[in-house]
Each structure stands twice: as structure tokens, then as C-alpha cells.
Amino acid sequence: MCGIAIDLLNYALSVWNGKLGEVWNLLTISPQDFKGGTIWAVIQTVHGTLQATGLALLVLFFAAGAVKTCGSLAEFKRPEQAIKIFVRFAIAKGMVTYGMELMLALLEIAQGMLSSVIAATSEAITDNTLPESILTAVDECSLLPSIGVLAVSLIGMLVIVVLSFMLVITVYGRMFRLYLYTAISPVPLAAFAGEPSQSIGVSFLKSYAAVCLEGVVIALCCVIYSAYAAARPDVSADSSAAMQVLTYIGELTFNMLVLVGLMKGANQVTREMLGL
């Protein structure tokens with residue numbers, strides 16, 4: 001039974017380490033390369049389709065903005081006012097037409113920040129492994145205590161595996177939000193054509209920037225977790241094997257819960273940074 005308990009714990013830690021590595025891969029991979037680029041091809045198709053809608057809304061926002069900005073036809077004929085309105089229209093037209101390039105440029109800036117964080121802290125990332133003291137205590141326990149060790153190990157394994165999947169699902173959610181923002185971008189970007197509606201486009205770009213920066217915050221959370229988890233749990237060697245395993249799993253899952261909670265709150269943190 002002791003061997004089974006150790007195998008369960010090693011399996012749980014291997015799943016966690018694997019999912020943590022998958023998180024790093026998801027943070028560094030570009031949307032164009034994710035899943036072989038098949039999803040990106042669909043996003044490009046949707047984006048191109050919505051460009052027609054964006055151009056139609058562009059005219060609508062422009063007309064509404066011109067009417068509200070200029071109280072009369074005489075004011076609209078003023079050269080400085082006319083130039084201002086049509087420059088706004090031209091900028092909005094360019095943002096709708098080249099929205100894909102704009103979104104990718106913002107993402108590349110965030111990815112550059114992320115690469116700098118990873119390059120500076122790569123040595124701080126370490127895998128979780130069972131301490132030798134736990135292995136020794138489990139190997140030396142008799143038949144009856146081994147039942148308790150097995151039960152604790154089974155529960156710990158289930159908790160760690162669930163947390164592992166919650167960890168990677170959070171990062172998958174960020175990736176799909178990047179796709180959604182890119183696909184529908186022609187519609188909110190068309191709002192820049194009118195001064196009264198430009199707040200829609202500004203909010204959209206700030207929200208997209210928050211999603212891009214979320215990857216940097218998630219990476220920092222992983223680095224902080226690795227540095228925090230590098231200190232081995234304080235397990236008393238005088239305790240029973242079951243209690244040692246329980247103490248170790250308790251402290252380990254607490255650290256994992258903190259990381260999962262921080263990653264789930266990364267989007268909120270970036271939104272607060274941008275005043276959203």
C-alpha cells in the first residue's frame with residue numbers, strides 16, 4: 001500500500017508540473033500557431049466577414065457624430081471643423097480596415113514584456129517533487145498506518161489533479177478571449193468615427209490591452225508561486241507517516257490554491273491597472 005500511496009502522489013505532482021509547463025507554453029505561443037493555426041484561420045474568416053458590418057457602422061457613427069458635433073450646416077462648412085471630422089473618419093476607417101494588424105501589434109508588445117519576464121526568471125521555476133523525508137516515512141510505516149497514508153494520498157491526488165486542470169483552463173480562457181476580441185474588432189473600432197461614440201472604441205482597446213497584459217500577470221504569479229513553493233513544508237519527523245503526508249499535502253494544496261486564485265484574478269488586476 002505504501003508503494004501505491006507514493007505512486008499516487010508522484011502522479012499528482014507530475015500532472016501539476018505538466019500543466020504548469022503547459023501554462024508557460026500557452027503564454028508564449030502566438031494565436032496564429034495555437035493548435036496548428038486552425039482556430040486562427042476561422043478567426044480571420046469571421047474578422048473579414050465583420051469588416052463589412054464595421055464599415056457600415058462606420059458611416060452611421062460618422063453621420064451621428066457629425067450631426068451632434070456641428071449644430072448647424074454653417075458650422076459644418078467651417079474648414080477646421082470639416083477637416084477635424086474627416087480626419088477622424090479616415091483614422092476610424094484605417095482602424096477598421098487594418099484592425100487585425102493593430103490587434104496583433106498590441107499583442108506583440110505584451111508578448112515582448114512576457115518574454116522579458118520569462119528570460120529573467122526562468123531559473124526560479126522548479127518542479128514539485130516529494131521530499132525524501134516523506135518517502136522514508138511512508139516506506140517505513142506498517143500495514144495498518146499505511147491504510148491511512150493511502151487514503152490521504154488518494155484524496156490529495158484528486159485535489160491536486162483538479163487544481164491542475166483549473167490552472168490550465170484559466171490560461172485557455174485568456175487565449176480564447178484574445179480570439180474573440182480579434183474576431184469582433186471591426187465593430188467596436190468603427191465607433192471611433194464619431195466623437196460621441198469614440199468611448200466604445202476606447203473601452204474596447206483598453207479591455208483588449210488588459211487581456212494581453214493578463215499573460216504577464218499570470219507569468220509573474222507562476223514565478224512568485226515557484227519561489228514560495230521552493231521552501232519545503234515544515235513536516236515534523238516525529239509525527240506518524242499519515243500525519244506527515246497530510247501536513248505536506250495540506251501545505252502544498254494551499255500554495256496551489258493561492259496560485260489558482262491569483263491566476264483567476266489576473267484579469268481583474270489588469271483591468272484595475274488600466275482603470276476599467
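Here is a short report on the structure shown in this document. Model, not experiment: these values are computed from the prediction. (Residues numbered from 1 in each chain as written. Predicted model: local features only at pLDDT ≥ 70, side-chain atom pairs only at ≥ 80, totals over all residues. Heavy atoms only, no water.)

1. A closer look at a nonpolar patch on the surface
Rules: Patch criteria: residues need more than 30% relative accessible area and no salt bridge. Like-charged residues are merged within 9 Å; nonpolar side chains of Val, Leu, Ile, Met, Phe, Trp and Tyr are merged within 5 Å. Only the protein chains shown count as covering a residue, and every accessible area follows the Shrake-Rupley method with a 1.4 Å probe. Only one rule defines a salt bridge in this text: a Lys or Arg side-chain nitrogen within 4 Å of an Asp or Glu carboxyl oxygen. By definition, any uninterrupted DSSP run of H or I lasting at least four residues is a helix, any uninterrupted run of E lasting at least two residues is a strand, and each is numbered from the N terminus.
A contiguous nonpolar surface patch, about 410 Å² in accessible area, is contributed by Y228, F254, V258 and L262. For the nonpolar patch, the leading source of residues is helix α10 (residues 241–264), giving three residues. As for its placement among the helices and strands, F254 is situated in helix α10.

2. Considerations on the packing of helix α9 (residues 198–229) against helix α11 (residues 266–273)
Spelled out, the test is: Under this scheme, a helix contributes an axis fitted over its contacting stretch, all axes are lines through C-alpha atoms, and angles between N-to-C directions fall in the 0 to 180 degree range. By the definition adopted for this analysis, an angle is roughly parallel if under 35 degrees, roughly antiparallel if over 145, roughly perpendicular if from 65 to 115, and oblique otherwise. By convention the crossing between two helices is left-handed if the near helix lies anticlockwise of the far one by an angle smaller than a right angle, and right-handed if it lies clockwise. We call two residues contacting when some pair of their heavy atoms lies within 4.5 Å. Charged residues are taken to be Asp, Glu, Lys and Arg, nonpolar residues to be Ala, Val, Leu, Ile, Met, Phe, Trp, Tyr, Cys and Pro, and polar residues to be all remaining types, Gly included.
Axis separation between α9 and α11 bottoms out at 8 Å; the angle between their running directions is 125°. Taken as axis vectors, α9 and α11 run oblique relative to one another. α9 and α11 meet at a crossing whose hand is right-handed. Taken together, the residues of α11 that come into contact with α9 (itself represented by S207, A210, V211, L213, E214, V217 and I218) are A266, N267, T270, R271 and M273. Looking at the contact of α9 with α11, its residues break down into seven nonpolar, three polar and two charged.

3. As for the environment of L55
The condition is simple: Partly exposed describes any residue whose relative accessible area lies between the buried limit of under 20% and the exposed limit of over 50%, with all areas from a 1.4 Å probe on protein chains only and scaled to the type maximum.
Mapping L55 onto the fold places it in helix α2 (residues 38–69). Looking at L55, the relative accessible area reads 32%, which means it is partly exposed. Once the C-alpha coordinates of L55 and V187 are considered, the two residues, 132 residues apart in sequence, prove to be 8.2 Å apart.

4. Quick word on the side chain of T253
The line we're drawing: Two N or O atoms count as a polar contact when they lie within 3.5 Å, although within protein this holds only if one can serve as hydrogen donor and the other as acceptor, and sequence-adjacent residues are included solely when both atoms are side-chain atoms.
Mapped onto the elements of the fold, T253 is located in helix α10. There is a polar contact of 3.0 Å between the side chain of T253 and the backbone oxygen of G250. Apart from residues lying up to four places away in sequence, T253 is in contact with V159, I160 and L163.

5. Considering the packing of aromatic side chains
Counted only if it meets this: Centres within 6.5 Å make a pair out of two Phe, Tyr or Trp rings, where for Trp the six-membered ring is used; the pair is then stacked when the planes are under 30 degrees apart, edge-to-face when over 60, and tilted otherwise.
Throughout the structure, instances matching the rule amount to seven aromatic pairs. Centre to centre, the rings of F34 and F176 are 6.4 Å apart; their planes meet at 85°, and the pair counts as edge-to-face. Remark: F176 occurs in helix α7 (residues 143–184) and F34 occurs in the loop between α1 (2–28) and α2; sequence separation between them is 142 residues. What makes F176 partly exposed here is its relative accessible area of 37%. With centroids separated by 6.3 Å and ring planes inclined at 45°, the aromatic side chains of W40 and Y179 adopt a geometry described as tilted. Of this pair, W40 sits in helix α2 while Y179 sits in helix α7, and the two are 139 residues apart along the sequence.

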